[in-house]
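Each chain, written out:
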Amino acid sequence: MPSSREPVQERVPPTRAAALRQRLAEVRGPAVQPKPLDARALAALAANPGCRRRALLDGAGVDKTALADALGAPSAFGQSQFALVRGNSFEARVKADGGAELLRLVHEGLDPAAAPPGSAAVPDLSAVGPEGRTARTALALREATGTGTWALLDHPMLALDVAGSVAFLEPDAVVVHPDGSWTVVEIKSFPMLDGSADAAKVGAAARQAAVYVLALERVAAQLDPAPEVRHRVLLVCPKDFSNLPAASAVDVRKQRAVTRRQLERLTRIEEIADTLPEGTCFAPDLPPEELTAAVEAIPATYAPECLAACELAFHCRARSRGEGAVTSLGRSLRAELGGLTTVDEVLAAAHGRAGDPDDPAVAALRRASALRAEALGGAPC
């Protein structure tokens, strides 16, 4: 019998964060390393905040590419190896000589009234683990702000809370201006022809940069006074078909506002995880039928735009088409149809077999059916 003087060992209950990490590790697979969230994934997640499936899989660090392969629906989403090599080569050229060319572009495109950048500070951001690199980045930003000189942070690490999970983000560069303000720099390998680039690619880069701006604002808010995080980012691309850099200032205030609002609307990850059946796991070495059941246990919100942003898009598209969901035809059409969620419901309403005649969507469908029949000279179909 233990002596009354011996200390009683009490089990300390896990914190909420630790419990969530353990739960997500079980969902991902205990032996599977988590795949970190990046700004590209966050931008895509913010564009489809209603997809609980992607929110949980991304928050748990599930490798969706491996999962799609295991489900028999491999995705073509992602950059080719050639594009990655070309992009890395171009980025190295832009940042050569201590980032002299990059700083020149920032000075000309965003801050021509400031003193020209001579020799800028390029702090060492190396540290152990993403948490260490995040802390080292915050320290470097604090030290560079207020010195009255230029500073270039090459691949800093930022943190952003997303639906109860921390995402570590790594922009291409952050520049500290002599006035103490901060600018996000995005370096892309697609060309800028005659001073302009492909609008869709620029839009995707702007949404990605907006995520970095949000994360950078979290760092700035911890300083007193808080430095300005500029909402005009610098997009650097190859000029025409050469390897010479060209730059364009992009205002991301709209993308920042939309991304912030969408991320705030995301259902917290622990709430989604609590709805899963006991023992649900997404380890890619599980039998396909078990993985399919696990994936289908989380509702998804598929839209054609997912094909350009999500590795599970082909799997979700097949399921959406099999269920006859109108979302597989596009979000704009889904919004026009109101409470009609399947193709069968839409056809029944158009043919007069179902639906409330006072519903504007039903009335429009029946009118369209009548006009089609009149044009074809037959009965409504």
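Whatever comes next refers back to the structure up there.
Residues numbered from 1 in each chain as written. Predicted model: local features only at pLDDT ≥ 70, side-chain atom pairs only at ≥ 80, totals over all residues. Heavy atoms only, no water.

**Q** Residues and numbers for unusual backbone geometry, please.
**A** Put simply, D224 and P225 share a cis peptide bond, and its omega is 0°. Along the chain, the position of P225 falls in the loop between α8 (199–220) and β6 (232–238). One non-glycine residue, H155, lies in positive phi territory at about 50°. Of note, H155 is situated in the loop between β1 (151–154) and β2 (158–162). The class of H155 is partly exposed, set by a relative accessible area of 25%. (Helix = DSSP H or I, 4+ residues; strand = E, 2+ residues; numbered from the N terminus. Buried < 20%, exposed > 50% of the residue type's maximum accessible area, 1.4 Å probe, protein only.)

**Q** Break down the environment of R261 for me, with residues and values.
**A** As for its position among the elements, R261 is in helix α9 (residues 253–265). Residue R261 is classed as partly exposed on the basis of its relative accessible area, which comes to 46%.

**Q** Break down the pattern of salt bridges for me, with residues and values.
**A** The full count for this structure, using the stated rule, is 16 salt bridges. Between D179 and R230 there is a salt bridge; the shortest N-O distance is 3.2 Å. Here the residue D179 occupies a position in the loop between β4 (173–176) and β5 (182–187), and R230 occupies one in the loop between α8 and β6, the gap between them amounting to 51 residues. The exposure class assigned to R230 is buried, which follows from its relative accessible area of 14%. (Salt bridge = Lys/Arg side-chain N within 4 Å of Asp/Glu carboxyl O.)

**Q** Report on helix α7 (residues 129–144), specifying residues and quantitative values.
**A** The end-to-end C-alpha distance of α7 is 22 Å, a good match for the 22 Å that 16 residues give at a rise of 1.5 Å each. Here α7 has its buried residues at T134, T137, A138, A140, L141 and A144. Angular distribution of buried residues about the axis of α7 spans 165°; they occupy a single face of the element. Looking at the buried positions of α7, the neighbouring elements they touch are β1, β2, β3 (165–169), β4, β5 and α8. (Expected span 1.5 Å × (residues − 1). Arc of directions from axis to C-beta. Contact = heavy atoms within 4.5 Å.)

**Q** Can you tell me about the nonpolar core, naming the residues and giving the values?
**A** Grouped together as the largest cluster of nonpolar side chains are 72 residues, with contacts concentrated most on L42, L67, W182 and F282. For this core, the leading source of residues is α8, giving twelve residues. If we skip the residues at most four places from it in the chain, F282 touches V27, R28, L57, V62, L67, L291, A294, V295 and I298. Residues A114, A173, I187 and V236 belong to the second largest nonpolar core, which totals 16 residues. (Core = buried A, V, L, I, M, F, W, Y, C linked by side-chain atoms within 4.5 Å.)

**Q** Requested: an account of the pairing of β5, with residues and values cited.
**A** Burial of β5 is extensive: six of the six residues sit out of reach of the surface. The side-chain alternation of β5 yields two buried faces, one formed by W182, V184 and E186 and the other by T183, V185 and I187. Sheet topology places β4 next to β5; four bridges connect them, and they run antiparallel. Its bridge partner being in β5, V176 is matched across the sheet by W182. Hairpin connection, β4 to β5: the antiparallel pair is bridged by five residues, and G180 has positive phi, about 90°. (Pairing = 2+ DSSP bridges.)

**Q** Run through the state of the cysteines, naming residues and quoting values.
**A** Two cysteines form a disulfide when their sulfur atoms are joined by a covalent bond. One pass over the full model with this rule turns up zero disulfides. Not part of a disulfide, C306 finds its nearest cysteine sulfur in C310, a span of 6.2 Å. With relative accessibility at 12%, the residue C306 sits in the buried group. (Disulfide = S-S within 2.5 Å.)

**Q** With reference to specific residues and values, describe the packing of helix α5 (residues 81–94) against helix α6 (residues 96–110).
**A** Relative orientation of the contacting elements α5 and α6 amounts to 90°, with a least axis distance of 6 Å. Taken together, the axis directions place α5 and α6 in an arrangement best described as roughly perpendicular. Residue-level inspection shows A92, R93 and V94 of α5 in contact with α6, the latter providing A96, G99, E101 and L102. (Axes fitted to C-alpha atoms, helices over the stretch in contact; angles between N-to-C directions. Parallel < 35°, antiparallel > 145°, perpendicular 65-115°, else oblique.)

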